[in-house]
Amino acid sequence: MANRVGVIGIGQTQYSAVRGDVSLPGLIREAVFRALEDAHLTMDDIDAVVIGKAPDFFEGMMMPEPYLAEALGAVGKPLFRVHTAGSVGGSTAIVAASHVEAGVHERVLTIGWQQQSVSEAMWALSFPIPFQQQLVAGAGGYFAPFIREYMRRSNAPEDIGILVALKDRLNALKNPYAHLHEPDITYDSVKESFMLWEPIRYSETCPSSDGAIAMVLASESAAEASAASTGVRPAWIHGTAMRSEPATANGRDQVSPDAGKLCAADVYRQAGITNPREQVDVIEMYVPFSWYEPMWLENLGFAPEGDGWRLTEAGVTQLDGDLPVNCSGGVLSTNPIGASGMIRFGEAAMQVRGTAGDHQVDGARTAVGHAYGGAAQFFAMWVVGADKP
Amino acid sequence: MRDVAIVSVSQSDHVRALPERNEVEMVQPIIEGAFRNLGASISDIDFVCSGSSDYLAGQAFSFVMTLDAVGAFPPIVESHVEMDGAWALYEAWVKIQTGHADTALVYGYSKASPGDLPRVMSRQLDPYYQAPLWPDSVAIAGLQARAMIESGKITEAEMAAVAHRSREAARGNPHAQLQGSAPVEELLAAPYLSDPLRRHDCPPITDGGVAVILAAGDRARSWVDRPAWIRGIDHRVDSHNLGARDLTVAPSVALAAAKAGVANGKVDVAEVYAPFSHQEKIVVDALGLGDDVVVNPSGGALAANPVMGAGLIRLGEVAQRIMDGTADRGVGHATAGPCLQQNLVCVLEGEG
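Residues numbered from 1 in each chain as written. Chains lettered and ligands numbered in written order. Predicted model: local features only at pLDDT ≥ 70, side-chain atom pairs only at ≥ 80, totals over all residues.

**Quick notes on the overall build of chain A**
Inference 1: Counting secondary structure elements, chain A contains 14 helices and 11 strands.
Inference 2: Whereas a compact globule of 389 residues would reach a radius of gyration of roughly 21 Å, chain A reaches 19 Å, a difference of no more than 12%.
Inference 3: Along the first, second and third principal axes, the C-alpha atoms of chain A reach 55 × 45 × 45 Å.
Inference 4: Counting over 389 residues, chain A shows a buried share of 61%.
Inference 5: By sequence separation, contacts in chain A at least 24 residues apart represent 78% of the contacts at least 6 residues apart. (Helix = DSSP H or I, 4+ residues; strand = E, 2+ residues; numbered from the N terminus. Rg over C-alpha atoms; globule rule 2.2 N^0.38 Å. Buried ≥ 20, exposed ≤ 12 C-beta atoms within 10 Å, placed from the backbone. Contact = placed C-beta atoms within 7 Å.)

Below is the structure:
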């Protein structure tokens, strides 16, 4: 029980607003083959496939996994579909890891994907009557009031969101797969971009992307065999955690949800982390709207309540800072929703494997991957390390 | 592997349409029933996992709302699969195997009544070549029934006999939607719905769900006298390509059955998810079950078919019979995808 698990292969597609050059299976296979190549494996070496994505309505396909079985090399194998809202990419990786941790399988291929160009996520996320009160404002309209409440509570300067957006988009220039490459972006261009949902400007908002990410997770012996072949160390999983709470509940704090705090506490306990600010080298967190960087820094215990924005303002979260956040460019630069959580988990693993290329943090040994979803109510996290747990 | 058992099963009374309740209101009493069986509450549960489909609810993220039926505040450790609840049970079983949980609540449900279910199900077909033709689920199943008949593996009379036997058995199932059947001769006199399928060969459209509680080792024994132990569980998938598959067989059922160890002992009872009458024979043959095995004493999906819950109900029906001592060893089966493409097999056993 509780077998060690290592990430031995990571593959991502080129992300963009429309990947019209490939079919849906072609898009996913682009990531899958890169992950298998990274691990020096083929589909034959895979015991099971665990795949996740956000709502089926985004592509207009009901439970597309059976259709994808052959494209994923899953015929004759277990094929498993996870769906936990925006956190799904993280949850899917955790479910995949649990198969190896439990000793059920040796090597599991896990995939997160979304093809958002096929539909309009803004409206797919604006639920109609009779399901709930009609907002017709998409995710940004839903989260904007909680950002304003954070600004009120913390007395943060009004431009913190601009600093986050500028940092992430500049980081994206160092990530060849990122959707948005904006070499001309400046503080002023972000500030002057039009207001979408006050206080969220256009340039402080995630894009809508097509794309997929795949990872190969392996048992200790399988991971060591792969590392011997590839010459790249595995990213060892030191802890995984998920927490959920209802969209509405008496006493629920939507600015800093209990589920996020409990998720972080659980994963740090497993990883032996008592001081995350000191012990974590790099974070990939789910920041679809700029202000969520300081908000999550507090929620996840990297800063005292009300002080998260000080880390952002002081440049601590920059690529060359003391606690780099979203070196890949983050969700603000790439957002195929069903993949976004797994991209965070995968980028965290790349950092501790030393394979993050131009956005590599020197000497990163311990990294946190984080995803959230729904009305900031579903949380998934993992801690990965260069050393065995 | 840790010993994990089903210790509680709770079903709705399945109906054609439940328009007066939303999904939360439908699911909450089912979950409450699973707790009531044990005198337990959400605070006794380490992990929660559910199975449902947005396409049946008609809205993105529909499962987010049904979390209100669980009691998730303070926050809980929870996951969801866009699959039948039987696969949610599989995830919970894996979770307990990791040692991160000793108990789990699993549920699966759907309200199929608001939409046109056979046409909705066509949305899971190949999006480029099949889905644009809008072949409904009855027509797709009809292709498989035709292949069965033409290969000499079944007759229309044998299919009618399966339907008759299932719905007569459902007279003893208080949760069943369809109880009792006209005689076989009368069934065969009815017109085709989708040649060679007649109405009796097809499952009803159902609103309903099921909740199950799992527990490991002594935790299970502390809750019930005779837990239904999971001795083997496995799931596999076949190709989606209907034109390239032999539709009269289900290799993924046979493979999952071998991995789950169906043949390792005598099987008293089997509950198989075969929504169309001709499919029961495909599944039973692939499971390798003999004539002495009681198949679908609940009436099966032909008597009630709450999609996304009907597979988990099969596991629950077997577990219930083990817990009440009427069976010692049984097999539960769940299916997904068109024409039995994806399958899960679970072997359950009592002790003592």
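Here the narrative resumes.
**Overview of the overall build of chain B**
Inference 1: Broken down by element type, chain B carries 12 helices and 12 strands.
Inference 2: Taking 352 residues into account, the globule formula puts the C-alpha radius of gyration at 20 Å, and chain B, at 19 Å, falls close to it.
Inference 3: The principal-axis extents of the C-alpha atoms in chain B amount to approximately 55 × 45 × 35 Å.
Inference 4: Residue burial in chain B is summarised as follows: out of 352 residues, 63% are buried.
Inference 5: Across chain B, every contact between residues at least 6 apart in sequence was considered, and the portion connecting residues at least 24 apart equals 79%.

**Notes on helix α14 (residues 337-353) of chain A**
Residue and element names in this part refer to chain A.
Inference 1: In a regular helix each residue adds 1.5 Å, so 17 residues correspond to 24 Å; α14 covers 25 Å between its end C-alpha atoms and thus fits that length.
Inference 2: A maximum bend of about 25° is found in α14 at I343.
Inference 3: Directly after α14, the chain includes G354, whose backbone phi takes a positive value near 80°. (Expected span 1.5 Å × (residues − 1). Bend = angle between axes of the 7 residues up to and from the residue.)

**Observations concerning helix α9 (residues 258-271) of chain A**
Residue and element names in this part refer to chain A.
Inference 1: Taking 1.5 Å per residue, 14 residues should reach 20 Å; α9 reaches 20 Å between its end C-alpha atoms and fits that length.
Inference 2: Looking only at α9, the buried set comprises A259, G260, C263, A264, V267, Y268 and A271. Axial view of α9: buried residues confined to an arc of 160°, hence all on one face.
Inference 3: Along its buried surface, α9 packs onto β8 (235-244), α10 (276-279), α11 (292-299), β10 (366-373) and β11 (378-385).
Inference 4: G272, located one to two residues past α9, shows a positive phi value of around 70°. (Arc of directions from axis to C-beta.)

**Observations regarding the interface of chain B and chain A**
Inference 1: Contacts between the two partners involve 47 residues from chain B and, on the opposite side, 48 residues from chain A.
Inference 2: Contributions of two or more residues to the side of chain B that touches chain A are made by α2 (54-57), α3 (62-66), β3 (78-81), α4 (85-98) and β8 (228-237) of chain B.
Inference 3: Top contributing element to the side of chain B that touches chain A by residue count: α4 of chain B, with six residues.
Inference 4: Counted by class, the side of chain B that touches chain A contains 22 nonpolar, 15 polar and 10 charged residues. (Nonpolar A, V, L, I, M, F, W, Y, C, P; charged D, E, K, R; others polar.)

**Here's the deal with the domain arrangement of chain B**
Residue and element names in this part refer to chain B.
Inference 1: Domain boundaries assigned for chain B yield domain 1 (4-115 + 205-223), domain 2 (117-201) and domain 3 (228-349).
Inference 2: For domain 1 and domain 3, the distance between their C-alpha centres works out to 20 Å.
Inference 3: Contacts between the two partners involve 29 residues from domain 1, matched on the other side by 23 residues from domain 3.
Inference 4: Those elements that provide at least two residues to the side of domain 1 that touches domain 3 are β1 (4-11), α4, β4 (103-111) and β7 (207-216).
Inference 5: Broken down by element, the residue count for the side of domain 1 that touches domain 3 peaks at six residues, all from α4.
Inference 6: Taken together, the residues that form the side of domain 1 that touches domain 3 break down as 16 nonpolar, 11 polar and two charged. (Domains from an automatic or database assignment.)

**A look at the confidence of the model for chain B**
Inference 1: In the predicted model, chain B carries a mean pLDDT of 97, and the fraction of residues at 70 or more is 100%.
Inference 2: The ipTM value of the predicted complex is 0.98, and its pTM value is 0.98. (pLDDT = per-residue confidence, 0-100.)

**Concerning the pairing of strand β4 (residues 107-115) of chain A**
All names here are of chain A.
Inference 1: Across the nine residues of β4, nine count as buried, placing the element largely inside the fold.
Inference 2: Bridging between strand β2 (residues 48-52) and β4 involves five bridges; their strand directions are parallel. By the bridge assignment for β4, G52 is matched with G112.
Inference 3: Relative to strand β7 (residues 210-219), β4 runs antiparallel, the two being bridged by nine bridges. Paired with V108 across the strands is L217, a residue of β7. (Pairing = 2+ DSSP bridges.)

**With respect to the domain arrangement of chain A**
All names here are of chain A.
Inference 1: Split by domain assignment, chain A resolves into domain 1 (5-120 + 208-235) and domain 2 (121-128 + 137-207 + 238-385).
Inference 2: The centre of domain 1, based on its C-alpha atoms, is set 22 Å off from the matching centre of domain 2.
Inference 3: If you look at the interface, domain 1 gives 41 residues, while domain 2 gives 39 residues.
Inference 4: Of all the elements in the fold, those that place two or more residues in the side of domain 1 that touches domain 2 are β1 (5-12), α3 (88-101), β4 and β7.
Inference 5: Of all the elements, α3 adds the most residues to the side of domain 1 that touches domain 2, at eight residues.
Inference 6: Each residue belonging to the side of domain 1 that touches domain 2 can be placed in one class, and the counts come to 19 nonpolar, 18 polar and four charged.

**Some thoughts on the packing of α4 of chain B against helix α12 (residues 310-323) of chain B**
Residue and element names in this part refer to chain B.
Inference 1: Packing of α4 against α12 leaves a shortest axis separation of 5 Å and a crossing angle of 65°. Of the residues in α12, those touching α4 at G85, A86 and L89 are G311, L312 and L315.
Inference 2: The residue inventory of the contact of α4 with α12, partitioned by class, reads four nonpolar, two polar and no charged. (Axes fitted to C-alpha atoms, helices over the stretch in contact; angles between N-to-C directions.)

**Details of the environment of A235 of chain A**
Residue and element names in this part refer to chain A.
Inference 1: Relative to the assigned elements, A235 resides in strand β8.
Inference 2: Considering only alpha carbons, one finds A235 and P199, 36 residues apart in sequence, at a separation of 38 Å.
Inference 3: Beyond its immediate stretch of four places on either side in the chain, A235 contacts G6, V7, A349, V352, R353 and V384.

**Here we look at the nonpolar core**
Inference 1: V384 of chain A together with L89, A104, V106, V212, L214 and L287 of chain B are the most contacted members of the largest nonpolar core, which totals 257 residues.
Inference 2: Leave out the neighbours within four places in its chain, and V384 of chain A touches V7, A235, W236, I237, H238, A348, A349, V352, A367 and G369 of chain A.
Inference 3: In this structure, Y15, Y177, A178 and L180 of chain A belong to the second largest nonpolar core, which totals five residues. (Core = buried A, V, L, I, M, F, W, Y, C linked by C-beta atoms within 7 Å.)

**Notes on the packing of helix α10 (residues 251-260) of chain B against helix α11 (residues 279-287) of chain B**
All names here are of chain B.
Inference 1: Running from N to C, α10 and α11 cross one another at 35°; their axes reach a closest spacing of 8 Å. Of the two elements, α10 crosses α11, and the hand of that crossing is right-handed. Two secondary-structure elements touch here, α10 through V253, A254 and A257 and α11 through V283, A286 and L287.
Inference 2: Across the contact of α10 with α11, the residue classes tally to six nonpolar, no polar and no charged. (Left-handed = near helix turned anticlockwise from the far one by under 90°.)

**Here we look at the environment of G108 of chain B**
Residues and elements named next belong to chain B.
Inference 1: Mapped onto the elements, G108 comes out in strand β4.
Inference 2: Overall, the presence of 34 C-beta atoms within 10 Å leaves G108 in the buried class.
Inference 3: Setting aside chain neighbours within four positions, we find G108 in contact with S50, G51, S52, D84, G85, A88, G209, V210, M308, G309 and L312.

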